[in-house]
Amino acid sequence: MSTYRDLTHRGSARGTVLRTVGTRERRSHLTAPRVPTVGIDIGGTKVMAGVVDADGNILEKLRTETPDKSKSPKVVEDTIVELVLDLADRHDVHAVGIGAAGWVDADRARVLFAPHLAWRNEPLRDALQGRLAVPVMVDNDANTAAWAEWRFGAGRGEDHLVMITLGTGIGGAILEDGQVKRGKYGVAGEFGHMQVVPGGHRCPCGNRGCWEQYSSGNALVREARELAAADSPVAYEIIERVKGSIPDITGPLITELAREGDAMSIELLQDIGQWLGVGIANLAAALDPSCFVIGGGVSAADDLLIGPARDAFRRHLTGRGYRPEARIVRAQLGPEAGMVGAADLARLVARRFRRANRRRVERYERYERYAQALRSGTSGRTARTPEDPAS
């Protein structure tokens with residue numbers, strides 16, 4: 001396992017924590033303590049961890065490969081703990097936020113299912129809180145990325161925001177009035193599995209015609225490889241670039257060729273963008289947000305993708321011409337968005353932890369004053385008990 005730094009085992013005993021994760025973040029996030037927190041983004045190929053300040057600045061970042069999915073959940077847990085302890089050696093960490101690529105329950109305690117890891121109803125929050133001396137928050141990685149864009153990026157100032165993450169598939173998140181909308185069971189925002197083509201391409205989820213089969217990194221690469229495999233004359237440039245090795249065709253390569261003017265690559269991104277616009281129009285009909293933020297690796301194509309998406313959105317929007325149109329913008333924070341958002345959401349948990357700790361200290365001090373009064377000979381009639389409101 002390679003990392004930016006060599007990680008050494010430091011043991012798992014660092015005390016216990018107070019379990020104070022709430023079921024939802026509050027609007028008063030600006031009153032959260034301005035303390036450094038750790039954000040962790042767990043994907044199918046990498047685990048990224050960073051110390052983030054209250055303004056969204058990354059103070060230090062570490063990265064390591066994600067352990068193979070055939071390994072036990074504890075292997076991934078060990079990786080997270082070692083990254084946090086490594087950062088905690090150089091920073092005063094007050095809370096840890098986890099953004100996981102998978103379904104997280106509404107209490108943000110369990111990862112119900114992670115497609116790239118062996119997590120099935122995994123009690124990740126409690127497992128980590130048992131090993132770290134700070135409170136832990138767990139959320140879906142698209143939710144944490146959307147929160148970061150709302151707080152520090154392209155979604156600042158918006159009160160109704162939808163984020164769409166275009167990567168291997170399509171993820172997403174909904175924010176309204178400063179709160180992430182997770183749904184009753186915590187799995188809202190799985191936009192990629194809306195059916196847009198009945199009986200269409202088979203999706204790994206088991207259904208056919210899912211949106212992500214037509215507008216995602218996988219869809220982009222699939223179309224390019226099919227043209228190359230058919231030895232299509234329009235694919236000449238990309239076949240030449242990969243020296244005939246079709247498995248070497250990737251999304252970033254297609255984007256690079258499109259920027260260089262390759263007609264096929266431009267057309268493929270336009271197709272992906274048009275399907276993106278169709279899906280966004282459907283979401284606008286259902287959710288009516290003021291802004292759509294497009295993130296994920298495919299969004300690096302920028303206007304080659306988002307321009308066609310805006311055009312298709314306007315063509316397919318219900319009530320077009322008679323209603324305000326939501327803005328469609330590219331995310332600003334890049335691949336660190338999930339990590340930054342997880343750290344910022346954890347800051348809200350740190351606030352609750354500090355409040356609960358302060359109340360414990362205050363109760364202890366009241367009892368100490370009461371005990372001191374008894375020891376000094378004050379009669380029971382004049383010594384107020386700790387429960388007395390006037391004490």
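Computed from a prediction, not measured in an experiment: that's the story for all the values here.

### Let's talk about the overall build of the chain
Line of reasoning, step 1. Counting its secondary structure elements, the chain contains nine helices and 13 strands.
Line of reasoning, step 2. Each of the 391 residues in the chain was classed as buried or not, and the buried ones make up 49%.
Line of reasoning, step 3. In the chain, of all internal contacts separated by at least 6 residues, the share reaching a separation of at least 24 is 66%.
Line of reasoning, step 4. Summing over all exposed atoms, the chain offers an accessible surface of approximately 18,400 Å²; the carbon and sulfur share of this is 49%.

### Some words on the sheet that holds strand β2 (residues 46-52)
Line of reasoning, step 1. Here five strands make up an open sheet; going across it, the order is β3-β2-β1-β4-β8 and the pairing mixed. Sheet topology places β3 (58-65) and β8 (136-140) at the edges, where each strand pairs with a single neighbour. For this sheet, the mean inter-axis angle between neighbouring strands, taken without regard to orientation, is 15 degrees.
Line of reasoning, step 2. Bridge count for strand β1 (residues 37-42) against strand β4 (residues 96-100) is five bridges, and the pairing is parallel.

### Side note on helix α1 (residues 73-88)
The periodicity of an α-helix, 3.6 residues per turn, causes residues three or four places apart in sequence to face the same way.
Line of reasoning, step 1. For α1, built from 16 residues, the straight-helix expectation of 22 Å at 1.5 Å per residue is met to within 8% by its first-to-last C-alpha distance of 23 Å.
Line of reasoning, step 2. The complete set of buried residues in α1 reads Val76, Glu77, Thr79, Ile80, Val81, Glu82, Leu83, Val84, Leu85, Asp86 and Leu87.
Line of reasoning, step 3. Each element contacted by the buried residues of α1 is listed here: β1, β2, β3, β4 and α2 (124-129).

### Overview of the pairing of strand β9 (residues 160-166)
Along any regular strand, the residues point their side chains to alternate faces of the sheet.
Line of reasoning, step 1. Counting buried residues along β9, six of its seven residues qualify, which places the element largely inside the surrounding structure.
Line of reasoning, step 2. In this antiparallel pair of consecutive strands, β9 and strand β10 (residues 170-176), the connection spans three residues.
Line of reasoning, step 3. As judged from the five bridges shared by β9 and strand β12 (residues 291-295), these two strands associate in the parallel manner. Across the sheet, Leu161 pairs through a bridge with Cys291, a residue of β12.

### Some remarks on the nonpolar core
If you look at soluble globular proteins, the nonpolar side chains tend to sit buried side by side.
Line of reasoning, step 1. Ranked by internal contacts, the top residues of the largest apolar core, which has 42 residues, are Ile164, Leu276 and Phe292.
Line of reasoning, step 2. Of all the secondary-structure elements, those providing two or more residues to this core are β9, β10, α4 (217-229), α6 (251-259), α7 (263-287), β12 and α8 (303-316).
Line of reasoning, step 3. A total of nine residues in this core trace back to one element, the largest contributor, which is α7.
Line of reasoning, step 4. Beyond its immediate chain neighbours, meaning those up to four positions away, Leu276 contacts Ile164, Leu166, Trp211, Ser215, Ile294, Leu305 and Ala309.

### A few points about the sheet that holds strand β5 (residues 103-104)
Line of reasoning, step 1. Strand order across the open sheet formed by three strands is β5-β6-β7, with antiparallel pairing between neighbours. The strands lining the two open edges of the sheet, one partner per strand, are β5 and β7 (120-122).
Line of reasoning, step 2. Examined bridge by bridge, β5 and strand β6 (residues 111-113) share two bridges and lie antiparallel to one another. Following the sheet pairing, Trp103 is matched in β6 by Phe113.

### Structural notes on the packing of aromatic side chains
Line of reasoning, step 1. Within this structure, the stated rule accounts for four aromatic pairs.
Line of reasoning, step 2. With 5.0 Å between their ring centres and 55 degrees between their planes, Trp147 and Trp150 make a pair best called tilted. Note that Trp147 and Trp150 are positioned in helix α3 (residues 141-152) at a spacing of three residues, about one turn of the helix. Both residues of the pair, Trp147 and Trp150, count as buried.
Line of reasoning, step 3. Consider the rings of Tyr214 and Trp275, whose centres lie 5.0 Å apart with planes at 45 degrees: the pair is tilted. Of this pair, Tyr214 sits in the loop between β11 (179-180) and α4 while Trp275 sits in helix α7; the two residues are 61 residues apart in sequence, bridging distant segments of the chain.

### Details of a nonpolar patch on the surface
Line of reasoning, step 1. Judged by side-chain polarity, Trp103, Leu112, Phe113, Tyr185 and Val187 come together as a nonpolar surface patch covering roughly 460 Å² of accessible area.
Line of reasoning, step 2. Inspection of the secondary structure puts Tyr185 in the loop between β11 and α4.

### What to know about the pairing of β3
Line of reasoning, step 1. Where β2 lies against β3, seven bridges are found, and the strand directions are antiparallel. Looking at β3, one finds that Ala49 is bridged to Leu62.
Line of reasoning, step 2. Hairpin remark: β2 followed by β3, antiparallel, with five residues in the connecting loop; positive phi at Gly56, about 85 degrees.

### Description of the confidence of the model for the chain
Line of reasoning, step 1. Chain-level statistics for the chain give a pLDDT mean of 84 and a share of 82% at 70 or above.
Line of reasoning, step 2. Low pLDDT, under 50, characterises residues 1-28; the predicted model gives this stretch 88 contacts beyond four residues in sequence or across chains.

Cut-offs and rules
Residues numbered from 1 in each chain as written. Predicted model: local features only at pLDDT ≥ 70, side-chain atom pairs only at ≥ 80, totals over all residues. Heavy atoms only, no water. Helix = DSSP H or I, 4+ residues; strand = E, 2+ residues; numbered from the N terminus. Buried < 20%, exposed > 50% of the residue type's maximum accessible area, 1.4 Å probe, protein only. Contact = heavy atoms within 4.5 Å. Areas by Shrake-Rupley, 256 points an atom, 1.4 Å probe, with all protein chains shown as cover. Pairing = 2+ DSSP bridges. Axes fitted to C-alpha atoms, helices over the stretch in contact; angles between N-to-C directions. Expected span 1.5 Å × (residues − 1). Core = buried A, V, L, I, M, F, W, Y, C linked by side-chain atoms within 4.5 Å. Phe/Tyr/Trp six-rings, centres within 6.5 Å; stacked < 30°, edge-to-face > 60°. Patch = residues over 30% accessible without salt bridge, like charges linked within 9 Å, V, L, I, M, F, W, Y side chains within 5 Å. Salt bridge = Lys/Arg side-chain N within 4 Å of Asp/Glu carboxyl O. pLDDT = per-residue confidence, 0-100.

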